[in-house]
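# Architecture at a glance
Chain by chain, the residues run as shown.
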Amino acid sequence: MYFSFKVHTLLNWVFLLSICIGINSHQFLAEPVSPLDKIKITGFENYYIAKTDTLPFPPEQFYRRATPRSERLMLRQEIPKSMSVQEWRADLDTLASLIRQRIPYYEAAINEKELTRRVDSLKQLVPEQTRDQRIFSLMQLANLPALGTGHTRIRSAQSAIGWRAVPLFPYRFADGVYIMAAINTDWIDSEILSVNGIPVDEVYEALSKYVSSDNRWDMWRDVEEYVIQFRWANHLKALDFIDDINNVPLEIRTPEGERKEIQVKTLMPNTAEYVAFATMPPSRPLVPENLQWSPGSEPQSNREPNYSLSYRDSTQNLYLDLNLIVHESEDWTLNHLADSLGHIADSNPINKMIIDLRTNGGGNSSDAEPLIRQFADHPKFNQRGKLYTLISPETTSAGGIFAMQMERRTKTIFAGENSSFNPNIWGETVPAQLPNSKIVVLLSHTMHQEGMPDTPRTYLEPDIRVPMTSDQHFNNQDLTMTAVKEHQPPPRYTIELDAEEREKFTGTYRISPVHRATITNASGQLHLQVDDGAKQAFIDTELYPLSTHQLATDITDVYIDRRLGNTHLDLIWKDTTYAMHPEEGDFKLPAELIRAGKLDEAEKRLKSAISSGMKLGGDFIEHPLIGLVEENPLPVWPDDLTKEEKAQRALPYAKLADKLAPMSWYSTAELAQLYKILGQEGKMMDAAHRIVKLSPVRGANFVREYIGLEVAPNGEIIAE
């Protein structure tokens, strides 16, 4: 027996172009597609362009669809034809001020001394720089040195920059950089050896200082996605790697092993030629269904559905290819997908459950909970040696958060390559425009802690490492899947503990001001649960005695240790040790205190955590403290309160969220909405102005929809 089903949500051309520029594809659907007269190709006699009478959208809409948040800030503004040295220096100063004002815990991302030094040194270079080099300086300043800061960046696909594009897309495999799609189809499958005689590895290294990334693997990915794929020519010219901005000389090695010199003519991205290349075959050949597992399919042309599910009776393996973490519709959500998985497992024997995240570029992490819970709770899934998760450098954003939750809450075994996401990251960006150049920078405003507090881990490492080489992709050999199918976990040699020895581990422990650990003993099986105040456990794992003082967990290289003479236990997480101090009384977490209405005590605990160096984000501040009127009313409130009475009770909670997370526009938006309900017009207007300042695009939309005020293109609020 064999069955499968797939869920498709994205139009082909939408998905193709969204992958090229690394944004959410739904952004391209903002305006109707318009036909274009037959494309006239001039000066590209050696390039093969698919014959077509229409394009998916007019080329002049390219920037609006590529970076809509940036372009909304450009409404009715002219891009300056030239700028003075003083104006470029002023933009560097403005960017530094934005980093200080908008990024929470910015001094952990780049300390004040280093930020000041960078700005001063970059300002000194301005007089001798070209325009492209000056833009490079802005990008370099936005590339913060701390790991996990990759969301703060300047995307080069914006009209204010207006750089030329190279019509080919590379992918860096373990054995080299290969062309996955190109305007000249003869180049596809060839390895890029050098750029104008400079080895391609040196080019990557030189470009990497100008891209923002979360870790080393994310850096290579971002060099391709945000630098090379769309702006290679200007970057290379700014670094003096090429002489002519209109031509990029490459040395390639063909699949037959022949070394060739080619000249790649560059294009403006808002032209018919480039839109045709980026959205249509054969220069971007469709990925065959049996090759969609490959991370290299992403830059080639990955038309995968959001997710697909298959089960083979011959192997009894259930396979979930999870590419986007989003609901299909109101009628088909990830809850339904989770139910389908459970139904298949209930009705069929399961040898292995395999979740493929290798091409998962994100989505909405909060939508994934039903899937995580199904994998954690179903007895046929959550077994050692039965549950596997496949990862790669293309596993990012919500895909990375999904993988971290699988690590903490299930018995999964990871296979593939090192991930490109950091366990703890600065995420969720808002745009801000520099006053003179009109260039838009994206600034992170929320902390996401998916790892332990202040963990030094910079990536998720697979248990079964399978480097992705070019021959696997081009020959359709999924060696990672082969390794998983053949894998048998080594035996875990445990000992038996008597009741007295098990009792020495049980109890409630404090790991941090916002993390509580509980070890229980039920029917002779020790169990660890770590909570951070969320509805679901932060860590949920069984414990296996390796000796009288050490317990293994379901997570690779994570142990509970009890050393002779210590009054506390140690949580050894990979290479870091966290002390677990026993708590005699009832240790409540801040979120629990908030739900119990003990706001003063919760504030004290949260401030204590922040002062100790913890970088608390939305999970600890925004989620428990906002949305209390309509979405998440506190249980201590009577059911018969009016909306105004609820708003009055919610106000001190929202004020605390605003105090602890002043850079989050979500908290300010909650305040504005409460003031509107309470009829406090002056305070509502003050909060509305702050919302638009913190988030010029999404915040402005919120003010229009929920506050009922009009916002002009320049950000000015127009009162009724």
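Just so it is clear, the model here is predicted, and its values are computed rather than measured. (Residues numbered from 1 in each chain as written. Predicted model: local features only at pLDDT ≥ 70, side-chain atom pairs only at ≥ 80, totals over all residues. Heavy atoms only, no water.)

So, about the confidence of the model for the protein chain. Confidence in the prediction for the protein chain averages 86 pLDDT; 88% of positions are at 70 or higher. Scored below 50 in pLDDT, residues 1-52 shows 137 contacts in the model against residues more than four places distant or in partner chains. Per-residue pLDDT stays below 50 along residues 226-230; that stretch engages in 32 contacts with residues further than four places along the chain or on separate chains. (pLDDT = per-residue confidence, 0-100. Contact = heavy atoms within 4.5 Å.)

Turning next to the pattern of salt bridges. Within this structure, the stated rule accounts for 27 salt bridges. Salt-bridge contacts for Arg457 lead to Glu407; the nearest nitrogen and oxygen are separated by 3.1 Å. Of the two residues, Arg457 sits in the loop between β14 (440-449) and β15 (464-465) while Glu407 sits in helix α14 (residues 398-409), which places them 50 residues apart along the sequence. Per residue, the accessibility class of Arg457 equals that of Glu407, and both read buried. For the salt bridge of Asp531 with Arg516, the shortest nitrogen-to-oxygen distance reads 3.8 Å. Placement of the pair is Asp531 in strand β18 (residues 525-531) and Arg516 in strand β17 (residues 515-522), with a sequence separation of 15 residues. The pair Asp531 / Arg516 is uniform in exposure class, with both members buried. (Salt bridge = Lys/Arg side-chain N within 4 Å of Asp/Glu carboxyl O. Helix = DSSP H or I, 4+ residues; strand = E, 2+ residues; numbered from the N terminus. Buried < 20%, exposed > 50% of the residue type's maximum accessible area, 1.4 Å probe, protein only.)

The first and last C-alpha atoms of helix α19 (residues 599-611) sit 18 Å apart over 13 residues, in line with the 18 Å expected at 1.5 Å per residue. For α19, the set of buried residues is Leu599, Ala602, Glu603, Arg605, Leu606 and Ala609. Summarising the axial view, the buried residues of α19 lie within an arc of 165 degrees, below the 170-degree limit, and thus occupy one face. Of the residues in α19, the exposed ones pointing more than 90 degrees away from the buried face are Asp600, Lys604 and Ser611. Its buried side turned inward, α19 meets α18 (590-595), α20 (622-625) and α21 (643-660). (Expected span 1.5 Å × (residues − 1). Arc of directions from axis to C-beta.)

Summarising the element assignment, Tyr653 is placed in helix α21. Since its relative accessible area comes to 6%, Tyr653 is described here as buried. Note: C-alpha distance between Tyr653 and Gly627 (26 residues apart in sequence) is 9.7 Å. Contacts of Tyr653, omitting those with residues within four sequence positions, involve Ile594, Gly597, Leu599, Leu625, Leu628, Leu634 and Trp637.

In total, this model carries 15 aromatic pairs according to the counting rule given. With 6.2 Å between their ring centres and 55 degrees between their planes, Phe173 and Phe474 make a pair best called tilted. In this pair, Phe173 is assigned in strand β2 (residues 168-173) and Phe474 in helix α15 (residues 470-474), connecting sequence segments 301 residues apart. Between Trp637 and Tyr653, the ring centres sit 6.2 Å apart and the planes meet at 75 degrees, which makes this aromatic pair edge-to-face. Of this pair, Trp637 sits in the loop between α20 and α21 while Tyr653 sits in helix α21, and the two are 16 residues apart along the sequence. The structure contains a cluster of three or more aromatic residues connected by ring pairs, namely Phe62, Tyr63, Phe169, Tyr274 and Phe277. Against the face of Tyr204 rests Arg172, its NZ or CZ located 4.8 Å from the ring centre. The positively charged end of Arg492 is found above the aromatic ring belonging to Tyr544, 4.1 Å away from the centroid. (Phe/Tyr/Trp six-rings, centres within 6.5 Å; stacked < 30°, edge-to-face > 60°. Lys NZ or Arg CZ within 6 Å of the ring centre and 35° of its normal.)

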